[in-house]
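Chains, contacts and geometry: an overview
So the chains spell out like this:
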Amino acid sequence: MANSNGAGGLMPDSDDEAALLRPLAFAEGAGLPFAFWVVLARALSGHPWTVQEVRAFRDRASERLVETQTPAGAAYRLRTRGDRSGERQTQQAITSALLAEVPQDGDNGHRDWSAAAPYIVDHLAAHAAAAGVLDDVLDDAEYLVHAAPRGLLRALNTPGSAKGRVRRSIYRASLHVHATASPPERRDILAVDAARHGETCLARELSRGRPWQPRWATGTMVHPALRFTRTGRGVDAAACTVIDGRPHAVTGCYDSNVRVWDLVDGTERLVITEDDGVYALDCAEIDGRPHVVTGTCSGGVRVWDLDTGAERFALGGHKGWIRAVGCTVIDGRPHAVTAGEDCLVRLWDLVDGSERARMPGHTDEIRAVAFAEVAGRPVAVTGGYDNTVRLWDLEDGAERAVLTGHTSAVYSVACTVIDGIPHAVTGSSGEHTTRVWCLTDGSERTVLGGHTSWISAVSCVDLDGRPHVLTAGGDRTIRVWDLTEDTERAVLTGHQGYVDVLACTEFDGRPYAVSGGHSASPRVWDLGDAVLPAARKGHTGTVEAVGAVKIDGRPHVVTGGDTTIRVWDLADGTERRTLSHGHEVEALACTTVDGRPYAAVGGCCGVARVWDLADGTGLHTLPGHDYKVDTVAWADVNGRPHAVTSDQDRTVRLWDLDEDVDHPLLTDRTRSAARAMEPVSIDGRPHLLTGSDDGALRLWRLTGKGRRVTATVRTGHQWIRALAGTVLDGRPHALTVGGNDTEVQVWDLTDGTLRATLPGHRSGVLAVACSTGDDRKDAITLDSSGTVHVWDLASARLREKVALPARAQCVTAAGPELVIGMGDDVVVLTRNDR
């Protein structure tokens, strides 16, 4: 062990020197803070090194160390790679030692992660992953709240146990949202995502100390294959490549920027600025270096070095929009095929930039290109707005075949080999199917159904040694198909915009996909996990309206989205029934008539219906609407509920369900289409309050004769998006949400005066509701940042906020619970009494 050098210092022998240097060989980031150097030296060697001994060694060995100043103080690592033998066992010891350094919460004996040292917060995940014990660390819900997101994400992408798969998926689901959130906001977001995965116990743990907790949530929009989502603008083109041994995505965007980012943790490596919007690109290796070929909407085609960001050369000649770029190798040399609005397919040598062939034949804009080998010769397969798929011989530039059968523009093409035979897979703008073509004889092998909208992107990949294709488009889903059996293996959900872009690659032997679109942030998927079961099912389209009603004496939630109305048990989220409306649901309202629960439902194409929710039967179809029914309500007239509907032709109709429903009891035109309606009582008489496109509140008298609109309030909103009614101080009031306004107005309907405003939303308010209970009257507002605000209406003061994983568009109160439509999912929050 260490010996005195006769001058008051310590001279460690070779074994001691190795023991003191070993912790630094495993240091993460900028290095080990000095205090943790001491801790880990003791843990790894079993020797009780003193601070003075380690400090003396540090001073003598300074030439072998790199010292970095961090916000937490100096950190140390080795100048050259140290001894990392026995890594797994060593990392286990390091992980245990670091966990022991996390302070204990004196109240409950749990680790107080909020007080953990920065090195532990930032790098414990890396050590635990290398030790094979990360999933044990993830068992602590508080760690999920306080761990540094970037470090934990990198660690989550290492292999783990089946036990930890769900928690990894929960953390990844909304990482792009909670990575920059405060700990309370992250706690809310993770709790909702836990509920979306069916982990309600974890949701309760995560909600500890928060005003609200998730009671349950559907999980349509989460999938365990998701690795992360990048924030920012959408993407209009994507390709994958390898840079410095790591997989990267290269994406183009209408903002003229080409972004290069790491597929493991999403960090941005490079930004290249083009002259115009980039709508097509592909990657190639030229002279042993990674490059990207970009096509812009003004006809420019350029080749860029991805190591430096420098332009290698421009390829001139095209006129108009470049929609398709693909790279391939011919005779050992990298080439590119470009095409677009000028209907020409061009072949370029990427070593010298020369044009090798110009191939006419398409009669309209070309949208897609892919490559295959047919009869031993390289071919390009193109598709476009002339509804055809064409094969081009890349050795002589001849057109080899024209494949017909699509009835609309061919948006996407990909190629693969099935049973040893080359095939092309194509998707189109007006069809909900994907076609698979044999390239040797031009025959159509099969048609793959399943999507509910157009298909704008396809990409082929091998999974488990078998050819598969990913398809995506207007229904916001990505579907994974086994092309050997022509079967659907998985549906990847979660995008909140159309998916226009797909690209596949492989990393560490696992297949990955990048997806995105003009209005959909790019996502990275581990396709090895694509066939794992997703969380609970629910709506497959945006939940546009929510309501609450009692059925058989039990409170239920009623939600409308896609083309269905779904009825859920409020207590546990059991789906009681699904009713097919037949058209997209835009609005619903619930009531009870003679003890039976009813829902009035409005939708597109002028379809409005009344449903009996107890037995799931459609009682009435309400005729006469020629346009989308934007809003519905129930109003009490002469002691009985009546249905009220309003559509885009500016007509309000009142229906007595006991009378002839072919003819409404009241029909009246308004000056501006009503976007929202609410029944109110004025002086004991039933009235209807409407909020319209002209920003006005109108009060309608529902009984008696004469003038129907008895009052009009000019709110100052550009237009009224939503409203809610309540009673304050014994007087009827209305809360109004306008356009993209960040304030909610509170109006006294007795005299039409503005009583208060509810300000401070981060972005435009989308929905409002009122809740009454326990001697309190609250307003609930949702803004487009994904935040729930709860207000004390008496004082117009904010009580609390709850962060959501995604933008929510509708809310209602169901007793003490809040029912929220968040994208395709339903979330129920209950007040946290603990």
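Up top you'll find the structure we're talking about.
My aim in this report is to walk through the structure given alongside it, one point at a time. None of these values were measured; they are calculated from a predicted model. (Residues numbered from 1 in each chain as written. Predicted model: local features only at pLDDT ≥ 70, side-chain atom pairs only at ≥ 80, totals over all residues. Heavy atoms only, no water.)

With that settled, the discussion passes to empty space enclosed by the protein. Enumeration according to the criterion identifies three cavities of 30 Å³ or more in this entry. Considered as a void within the structure, the largest cavity measures approximately 60 Å³ in volume. Contributing to the lining of the largest cavity are Asn 157, Pro 247, Leu 263, Val 264, Phe 507 and Tyr 512. Partitioning the lining of the largest cavity into residue classes produces five nonpolar, one polar and no charged. (1 Å grid on protein atoms, 1.4 Å probe; cavity = no way out; pocket = protein on both sides within 12 Å on 5 of 7 lines; lining within 4 Å. Points joined across faces, edges and corners; volume = space filled by probe spheres on them. Nonpolar A, V, L, I, M, F, W, Y, C, P; charged D, E, K, R; others polar.)

Tracing the chain through its elements places Arg 566 in strand E37 (residues 564-569). For Arg 566, the side chain forms a polar contact with the side chain of Glu 575, separated by 3.1 Å. Excluding residues that lie within four positions of it along the chain, Arg 566 makes contacts with Gly 538, His 539, Val 557, Val 558, Thr 559, Glu 575, Arg 577 and Thr 578. (Helix = DSSP H or I, 4+ residues; strand = E, 2+ residues; numbered from the N terminus. Polar contact = N/O pair within 3.5 Å; in protein donor to acceptor, adjacent residues only side chain to side chain. Contact = heavy atoms within 4.5 Å.)

The next thing to look at is the layout of surface pockets. Each pocket or cavity is described by its volume, and for the second largest pocket that value is around 1,200 Å³. Around the second largest pocket, the lining comprises 44 residues; the ones closest to its centre are Ala 238, Val 369, Val 413, Val 458 and Leu 502. Secondary structure elements with two or more residues in the lining of the second largest pocket: strand E8 (237-243), strand E12 (278-286), strand E16 (322-330), strand E20 (366-374), strand E24 (410-418), strand E28 (455-463) and strand E32 (501-507). Residues of the lining of the second largest pocket, tallied by class, amount to 29 nonpolar, seven polar and eight charged.

With that settled, consider the side chain of Asn 257. As for its placement among the helices and strands, Asn 257 is situated in strand E10 (residues 257-262). The residues contacting Asn 257, other than those within four sequence positions of it, are Thr 251, Gly 252, Val 271, Ile 272 and Thr 273.

Moving on: the pairing of strand E44 (residues 640-647). The element E44 is largely enclosed, with a buried count of six among its eight residues. As judged from the eight bridges shared by strand E43 (residues 629-637) and E44, these two strands associate in the antiparallel manner. Along E44, the bridge assignment pairs Ala 633 with Val 644. Taking the residues between adjacent antiparallel strands as the criterion, E43 and E44 are bridged by two residues, where Asn 638 takes a positive phi near 55°. Where E44 and strand E45 (residues 651-655) come together, four bridges link them in antiparallel fashion. Opposite Ser 646, over in E45, you have Val 652 as the bridge partner. Between the end of E44 and the start of E45, which pair antiparallel, lie three residues, with Arg 650 showing a positive phi angle near 70°. (Buried < 20%, exposed > 50% of the residue type's maximum accessible area, 1.4 Å probe, protein only. Pairing = 2+ DSSP bridges.)

Now for the nonpolar core. Nonpolar side chains in soluble globular proteins tend to be buried together. Grouped together as the largest cluster of nonpolar side chains are 90 residues, with contacts concentrated most on Leu 134, Tyr 143, Leu 152, Val 788 and Ile 820. Counting 17 residues, the second-largest nonpolar core is a separate cluster that includes Ala 472, Leu 492, Ala 513 and Trp 525. (Core = buried A, V, L, I, M, F, W, Y, C linked by side-chain atoms within 4.5 Å.)

Right, let's talk about the packing of aromatic side chains for a bit. To describe a pair of aromatic rings, one takes the distance between the centres and the angle between the planes. Going through the model one piece at a time under the given rule, you end up with eleven aromatic pairs. The interplanar angle of 75° and the centroid separation of 6.4 Å between the aromatic rings of Trp 37 and Phe 57 together place this pair among those described as edge-to-face. Highlighted residues: Trp 37 in helix H2 (residues 34-45) and Phe 57 in helix H3 (residues 51-60), separated in sequence by 20 residues. Using a relative accessible area of 0% as the deciding quantity, one classes Trp 37 as buried. For Phe 57, a relative accessible area of 5% puts it in the buried group. On the basis of an interplanar angle of 45° and a centroid distance of 5.7 Å, the ring pair of Trp 37 and Tyr 76 is categorised as tilted. Linking Trp 37 in helix H2 with Tyr 76 in strand E5 (residues 73-78), this pair joins segments that are 39 residues apart in sequence. The lysine or arginine in question, Arg 58, covers the ring of Phe 34, its NZ or CZ lying 5.2 Å from the ring centre. (Phe/Tyr/Trp six-rings, centres within 6.5 Å; stacked < 30°, edge-to-face > 60°. Lys NZ or Arg CZ within 6 Å of the ring centre and 35° of its normal.)

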